[in-house]
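One letter stands for each residue in the lines below.
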Number of protein chains: 2
Amino acid sequence: MADFESIAKQFVEYYYKTFDENRNNLAPLYRDESMLTFEATPCQGTSAIVSKLSELPFQRIEHQVATIDAQPSNTTGGIIVVVSGALLVEEERRPMSYTQTFQLMPNDQGSYFVFNDVFRLVYPAA
Amino acid sequence: MADFESIAKQFVEYYYKTFDENRNNLAPLYRDESMLTFEATPCQGTSAIVSKLSELPFQRIEHQVATIDAQPSNTTGGIIVVVSGALLVEEERRPMSYTQTFQLMPNDQGSYFVFNDVFRLVYPAA
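Treat the numbers as computed from the prediction; the structure is a model and nothing was measured. (Residues numbered from 1 in each chain as written. Chains lettered and ligands numbered in written order. Predicted model: local features only at pLDDT ≥ 70, side-chain atom pairs only at ≥ 80, totals over all residues. Heavy atoms only, no water.)

Regarding the pairing of strand E6 (residues 112–122) of chain B
All names here are of chain B. Among the 11 residues in E6, 11 count as buried, and that is most of the element. As paired elements, strand E1 (residues 35–38) and E6 share four bridges and run parallel to each other. Residue pairing across strands places Thr37 opposite Val118, the latter belonging to E6. Bridge count between strand E5 (residues 96–106) and E6: 10 bridges; the pairing is antiparallel. In the strand pairing of E6, Tyr98 is matched with Leu121. The antiparallel pairing of E5 with E6 creates a hairpin that spans five residues between the two strands, and Gly110 there sits at a positive phi of about 75 degrees. (Buried < 20%, exposed > 50% of the residue type's maximum accessible area, 1.4 Å probe, protein only. Helix = DSSP H or I, 4+ residues; strand = E, 2+ residues; numbered from the N terminus. Pairing = 2+ DSSP bridges.)

Encoded structure:
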């Protein structure tokens, strides 16, 4: 089995590639018990989460990952993944900083699903 | 028992107050299984973590918390806490943005310890 850092890196690459191409395709990564807190708005479950992501008011988006940190989150294979990076939306040329924290849990198919997902824009400190 | 959001808020207030006053006093919040990844440098265990924090090259520090997000991280009382904010070190007047993710686990005394801790400075997107 791959180590948690490799899994985190693979997950992050897949997640943002899918998000930037067609975020409806993120549905298989979530489950009914999954939680998303997006800019302080909480939602739970695949359907609510994918609706929330799909309804974000932009068509074109590009995530540029700057850092990925990972740690085992329990003794049963969970992984905490913390990402920081930049977001470019629509034709805007000025990126915004963001941070996103995931907890991945192993599923029964030898892969992972997203149990926790917290997204925040990070504004420049005043 | 307090809900996870209240616990997260109380923890964050206590953590940074203690950090900014005397970061050696953070030791009781960690355990031997605790993990810290500080700006990509990993360490594990109370002693290694508190040494790392104590050796950071500044005397005066002030954390200014901007956002706190929390979610249950498992079915046994764990809590993921994601903080974003600003750091002021020494006499520097220009704050730096940071993000810090914790996973708190319940201990046997009706309180919590830090199982995961990931700290990153967030630089303004280019």
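Quick notes on the relation of the copies chain A and chain B
With an axial shift of 0.0 Å and an RMSD of 0.0 Å, the rotation relating chain A to chain B amounts to 180 degrees. A rotation of that kind, with that shift, is consistent with a two-fold axis. When C-alpha distances to the rotation axis are compared across chain A, the minimum falls at Pro124(A), with a value of 3.0 Å. Interface overlap between copies: 100% of the residues of chain A at the interface are likewise at the interface in chain B, consistent with a symmetric, same-surface contact. (Least-squares fit on C-alpha atoms with pLDDT ≥ 70 in both. Contact = heavy atoms within 4.5 Å.)

Description of the pairing of strand E1 (residues 35–38) of chain A
Of the two faces of E1(A), the one lined by Met35(A) and Thr37(A) and the one lined by Leu36(A) and Phe38(A) are each fully buried. Between the antiparallel neighbours E1(A) and strand E2 (residues 41–44) of chain A lie two residues, among them Glu39(A) with a positive phi of about 50 degrees.

A closer look at the UniProt feature "domain: NTF2" (unreviewed entry) in chain A
Per the UniProt entry, the sites bearing "domain: NTF2" (unreviewed entry) are residues 7–121 of chain A in this numbering. As a span, residues 7–121 of chain A carries 22% helix and 45% strand, and end to end its C-alpha atoms are 24 Å apart. (UniProt positions renumbered as here; feature names shortened; annotations may be inferred.)

Things to note about helix H1 (residues 4–22) of chain B
Residue and element names in this part refer to chain B. Taking 1.5 Å per residue as the helical rise, H1 with its 19 residues ought to reach 27 Å, and the 26 Å between its terminal C-alpha atoms agrees with that figure. The set of residues buried in H1 consists of Ile7, Ala8, Phe11, Val12, Tyr15, Tyr16, Thr18 and Phe19. Along the long axis of H1, the arc covered by the buried residues comes to 160 degrees, so they all point the same way. With respect to the buried face of H1, the exposed residues turned more than 90 degrees away are Gln10, Lys17 and Glu21. Where H1 is buried, its residues contact helix H2 (46–54), strand E3 (61–72), strand E4 (79–89), E5 and E6. Among the residues of H1, the N-terminal cap falls to Asp3, whose side-chain oxygen and the backbone nitrogen of Glu5 are separated by 3.2 Å. (Expected span 1.5 Å × (residues − 1). Arc of directions from axis to C-beta. Polar contact = N/O pair within 3.5 Å; in protein donor to acceptor, adjacent residues only side chain to side chain.)

Considerations on the interface of chain A and chain B
Many descriptions give the size of an interface as the accessible area lost when the pieces come together. Opposite the 31 residues of chain A that make contact, chain B presents 31 residues. Between chain A and chain B, the buried area comes to about 2500 Å², and carbon and sulfur atoms account for 59% of it. It is Asp69(A), Gln71(A) and Arg120(A) in chain A that bury the most area against chain B; as a group they hold 23% of the surface buried on that side. On inspection of chain A and its partner chain B, the count reaches two salt bridges. Residue Arg120(A) is joined to Asp69(B) by a salt bridge in which the shortest nitrogen-to-oxygen separation is 2.7 Å. One can count 18 residue pairs in polar contact (both at pLDDT 80 or more) joining chain A with chain B. Sorting the residues of the side of chain A that touches chain B by element identifies E1, strand E3 (61–72), strand E4 (79–89), strand E5 (96–106) and strand E6 (112–122) of chain A as the ones contributing at least two each. In the side of chain A that touches chain B, the residues fall into 18 nonpolar, 10 polar and three charged. (Buried area = accessible area lost by both parts, 1.4 Å probe. Salt bridge = Lys/Arg side-chain N within 4 Å of Asp/Glu carboxyl O. Nonpolar A, V, L, I, M, F, W, Y, C, P; charged D, E, K, R; others polar.)

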